[in-house]
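# Descriptive analysis of the structure
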Amino acid sequence: MSTEEKYVAAAYLVVFLFVLVYVLIMAAKLSRLGRDVAELTALARERKRAGQGSTEQPPKQVRVG
Amino acid sequence: MTTVLLGGAVALIFFYAPVDQDGLNQKIFYFHVPIALTSYACFGWGALKAFQHLWKRTPGADLESYVAIHQGVIFGAMTLVTGSIWAKVRWGVWWVWGDEQLVLFLVLFLFYCAYFMLRFSVDPGPQRANLCAVYALFGVVLIPISFLAIRLANSYIHPTVFTSNGPQMATSQLATFCVAWAAMLSLAYFLYRFELAGKRLDADLKELRELLA
Amino acid sequence: MTAVEPPVIRARGLGKRYGDKRVLAALDFEIESKGFMLVTGPNGSGKTTLLRLCAGLAIPTSGELEVTAPRETIGFAGHEPLVYRELTAIENLDLYGRLYRVPERRERIGMLLERFGLWEARNERAGSFSRGMQQRLSLCRALLHEPALLVLDEPYSGLDDAGAELLDRELAELRPGATFLVATHDPARLMPLASSRLGFA
Amino acid sequence: MRRYAADVAVLARKDLMLELRARDTLPAMLLFVISALVVFHFALPSHSSDLAAKGLLWVAIVFTALVGLTRAFVAEREQRLIDGLLLAPCDRSAIWLAKAISVLAFLGAAEVVALPAYAAFFSGIGWSTVAAVALADIGIVAVGTLLAAVAAVSRTRELILPLLFLPLAIPVVIGGVGASVVGSPGRYLGFLCLYDAVFAIISWASFEYVVTE
């Protein structure tokens, strides 16, 4: 392999590595999101079994005077 | 689709496009320049989304703008690295100030890195969306201004300007180039949709968590 | 009073978040013209944010907020006095008077400074004022352009007894001619003036 | 239109008055620019050409402007005084214009001292350099004031301003250095005019978005 060929190969490798690293990071993020979904689903299921919704109420305007 | 295009591009580059007097470094050119053009396209798309955010308050435009610029920076970094290697092969040095495109990319790379610094140092919300959109618009204006400036600078810094794409391209070379460009664009688009989907999912989950809490 | 005039402020499902923190959510209320709404609740319940939204200093992240009063008719006094520390009391009010294009600016500024007991200190730098004096100056600034909608955030904070009584008298006097949105954690003092109350949990 | 001009005048007068009272920006800029020139003297080996010194003059100008810009919104930020100005019925862009005028005044004042000092320390300067400095100041201040408002919102404040500003200042430096070192500076002066016009317009138009929370 000549030097020139080596450099060309290096250039392609760099591009490939960039995309690979990016996809790996994305995949890691996706798996985290998947875990989050599972967790939230479990939470929602539990909530349903307990049979209670959110108790928080926004403040209400009251007339006075 | 993206994979097919990429595979096709690689095949064309290595088995179809003739090697002219420039030598093997041509093979880098077929990837380097499409990546650079794709990067511009990403910055332009990001600025368009930023404009939509400011002008029409399109919901979600801020996120789209951010993701597009993120892609642009990734492709910009690839441009810098492949360009540097190309310069090494062609001129024997790692960095050539005479290559206008490469210098422009360095400026843009710095600019958009500052964009990320800005984005991560402001709390998310409408104000951050506005700041980032304004800065993204500055970026798209900076591209032609910088290009012009660098061209002007070369006349007092560098007496000779390297031409980026040697002699006229033959049809086969042009075809290869176009396929490679299409491949890069579709790769960028695919990654853009991919990242966007992830980010949207993330936002939805955050909201869901809050609703359930 | 008949309710023919449209409300000065109307909120529907109003929400505001700063970053990941939700400060206000799903708020509904309206203030009719010449109304007086008292906003009460503990610290950190979102009173200040609500007032900033109504004064046009922040934009909501969800829901609708309609404020029919134009910007030049809103008077706002918040936690910060919004006066330049390096300028004197009279220079500060003159700056705002010019920006609001207050007619007969000098007379109006003199009158307000006198009424709020700052006339003697008119040529001192606002930075040298005590907390109470700064609050008085802030109220002067908010009332300078005779606003039709007054947005006051804890207007009594920092005031001594004399200052508080002064503000009582001022508010009672302005009550028939303006619309009020006042946040306080001590509602007893203002209850007699109020026409409605928004209580945060 | 007259109302707008009156608002700008009132706001700019306020800034100049504040500076007259507090005296913290202009002396700092003066001291900085002179110190920088002295440092540059020792940074240049004895046989360096005058042209190198010209380049350093532009570095000094850009960084002196940064010193002033860092201080630009300190008063407005520290006690949220920007709220007071936003509440007022004036057009928001008037706040930007007034601030830009006051920063321009400080920068101009610093240069009135710095340019003769440069001439005394290094070499004489021609009219083209003076014209380029005047034109560059407008562009620097237009962009810088907007970015100072952006930086005032972020958590990192002073730290982020140079990062945001320097990539945008590169074309100004190119135009300025070009105009100072070549024989016929027309092209470079024209470029600086273009830069000023483009960035002044987009800064003016986008300030409102930067300050709304």
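Up top you'll find the structure we're talking about.
Residues numbered from 1 in each chain as written. Chains lettered and ligands numbered in written order. Predicted model: local features only at pLDDT ≥ 70, side-chain atom pairs only at ≥ 80, totals over all residues. Heavy atoms only, no water.

## Some details on the side chain of Thr25(D)
In this structure, Thr25(D) sits in the loop between helix 1 (2-22) and helix 2 (26-43). Here Thr25(D) is in contact with Glu19(D), Gly68(D), Arg71(D) and Phe106(D), once residues within four sequence places are set aside. (Helix = DSSP H or I, 4+ residues; strand = E, 2+ residues; numbered from the N terminus. Contact = heavy atoms within 4.5 Å.)

## Remarks on the arrangement of the chains
Most contacts, compared over the 5 pairs of chains touching, are made between chains B and D. Without any contact between them, chain A and chain D keep their closest C-alpha atoms 23 Å apart.

## Observations regarding the pairing of strand 7 (residues 179-184) of chain C
Each regular strand shows side chains that alternate between the opposite faces of the sheet. Residue and element names in this part refer to chain C. Along strand 7, 6 of the 6 residues are buried, which leaves the element largely enclosed by surrounding structure. By the alternation rule, side chains of strand 7 split into Thr179, Leu181 and Ala183 and Phe180, Val182 and Thr184, which are all buried. Relative to strand 7, strand 3 (residues 36-40) is paired through 5 bridges, and the arrangement is parallel. Note on strand 7: the bridge partner recorded for Val39 is Ala183. In this view, the connection linking strand 6 (residues 149-153) to its parallel neighbour strand 7 by way of helix 5 (residues 161-174) has right-handed handedness. (Buried < 20%, exposed > 50% of the residue type's maximum accessible area, 1.4 Å probe, protein only. Pairing = 2+ DSSP bridges. Right-handed = clockwise from strand over helix to strand, strands pointing away.)

## As for the interface of chain B and chain A
Note: interface size is frequently given as the accessible area lost on complex formation between the parts. Opposite the 34 residues of chain B that make contact, chain A presents 25 residues. Taken together, chain B and chain A are joined by 3 salt bridges. One salt bridge connects Glu39(A) with Arg209(B), and the closest N-O pair in it is separated by 3.3 Å. The interface formed by chain B and chain A holds 3 residue pairs in polar contact (both at pLDDT 80 or more) in total. Those elements that place two or more of their residues in the side of chain B that touches chain A are helix 1 (2-16), helix 2 (26-56), helix 3 (61-91) and helix 6 (171-212) of chain B. When residues in the side of chain B that touches chain A are grouped by element, the largest group, 12 residues, is from helix 6 of chain B. Of the residues that constitute the side of chain B that touches chain A, the class distribution is 21 nonpolar, 6 polar and 7 charged. (Salt bridge = Lys/Arg side-chain N within 4 Å of Asp/Glu carboxyl O. Polar contact = N/O pair within 3.5 Å; in protein donor to acceptor, adjacent residues only side chain to side chain. Nonpolar A, V, L, I, M, F, W, Y, C, P; charged D, E, K, R; others polar.)

## What to know about the layout of surface pockets
Empty space within the largest pocket amounts to approximately 1700 Å³. Those elements giving two or more residues to the lining of the largest pocket turn out to be helix 3, helix 4 (100-120), helix 5 (126-157) and helix 6 of chain B together with strand 1 (9-18) and strand 2 (21-31) of chain C. Element by element, the count of residues in the lining of the largest pocket is highest for helix 6 of chain B, at 9 residues. Looking at side-chain class alone, the lining of the largest pocket contains 16 nonpolar, 9 polar and 16 charged residues. Roughly 940 Å³ of internal volume is contained in the second largest pocket. What lines the second largest pocket is a set of 38 residues, and nearest its centre among them are Gln127(B), Arg52(C), Arg80(D), Val153(D) and Glu213(D). Every element with two or more residues in the lining of the second largest pocket is listed here: helix 5 of chain B, strand 1 and helix 1 (47-54) of chain C together with helix 4 (74-78), helix 5 (81-87), helix 7 (127-153) and helix 9 (186-211) of chain D. Its residues assigned to classes, the lining of the second largest pocket comprises 15 nonpolar, 9 polar and 14 charged. (1 Å grid on protein atoms, 1.4 Å probe; cavity = no way out; pocket = protein on both sides within 12 Å on 5 of 7 lines; lining within 4 Å. Points joined across faces, edges and corners; volume = space filled by probe spheres on them.)

## Remarks on the sheet that holds strand 1 (residues 61-63) of chain A
Taken together, the 6 strands give an open sheet; going across it, the order is 1(A)-8(C)-3(C)-7(C)-6(C)-5(C), and neighbouring strands pair in mixed fashion. In this open sheet, the two strands that pair with only one neighbour each are strand 1 of chain A together with strand 5 (74-77) of chain C. Taking each pair of neighbouring strands and ignoring which way they run, the sheet shows an average axis angle of 15°. Looking at chain direction, strand 5 of chain C and strand 6 of chain C are connected through 4 bridges and run parallel. Across the sheet, the residue bridging to Ile74(C) is Leu149(C), located in strand 6 of chain C. In this fold helix 4 (residues 131-143) of chain C packs onto strand 5 and strand 6 of chain C, with an angle of close to 170° to the strand it touches most, strand 5 of chain C. (Axes fitted to C-alpha atoms, helices over the stretch in contact; angles between N-to-C directions.)

## As for the nonpolar core
By size, the foremost hydrophobic cluster in this structure holds 184 residues, and its most contacted members are Phe29(C), Leu50(C) and Leu168(D). Those residues in contact with Leu168(D) that lie beyond four places of it in its chain are Phe111(B), Tyr135(B), Phe138(B), Leu142(B), Val143(D), Leu147(D), Tyr195(D) and Phe199(D). (Core = buried A, V, L, I, M, F, W, Y, C linked by side-chain atoms within 4.5 Å.)

## Here we look at the environment of Ile125(D)
Residues and elements named next belong to chain D. By the element assignment, Ile125 lies in the loop between helix 6 (92-121) and helix 7. Ile125 sits in the partly exposed class, given a relative accessible area of 25%. In sequence terms Ile125 and Val181 are 56 residues apart; their C-alpha atoms lie 10.0 Å from each other. In this structure Ile125 touches Lys54, Leu115, Tyr118 and Ala119, once residues within four positions along its chain are discounted.

## A short note on the interface of chain D and chain B
With 36 residues of chain D in contact, the opposing surface of chain B contributes 29 residues. When chain D packs against chain B, the two sides together hide about 2900 Å² of surface, and 78% of this comes from carbon and sulfur. Three residues, Arg155(D), Ile174(D) and Tyr209(D), lead the burial of chain D against chain B; their summed loss comes to 21% of the area buried on that side. Summed over the shared surface of chain D and chain B, the result is 1 salt bridge. (Buried area = accessible area lost by both parts, 1.4 Å probe.)

## Some points on the pattern of salt bridges
Evaluation of the coordinates by the stated rule reveals 27 salt bridges over all chains. A salt bridge links Asp62(B) to Arg119(B), with the shortest nitrogen-to-oxygen separation between them at 3.2 Å. Of this pair, Asp62(B) sits in helix 3 while Arg119(B) sits in helix 4; the two residues are 57 residues apart in sequence, bridging distant segments of the chain. Residue classification places Arg119(B) among the buried positions, given a relative accessible area of 3%. Across the pair Lys99(D) and Asp15(D) runs a salt bridge, and its minimum N-O distance is 2.9 Å. Placement of Lys99(D) in helix 6 and of Asp15(D) in helix 1 is noted, with a sequence separation of 84 residues between them. Grouping residues by exposure puts Lys99(D) and Asp15(D) together as buried. The network of salt bridges with common partners includes Arg32(A), Asp36(A), Glu39(A), Asp202(B) and Arg209(B).

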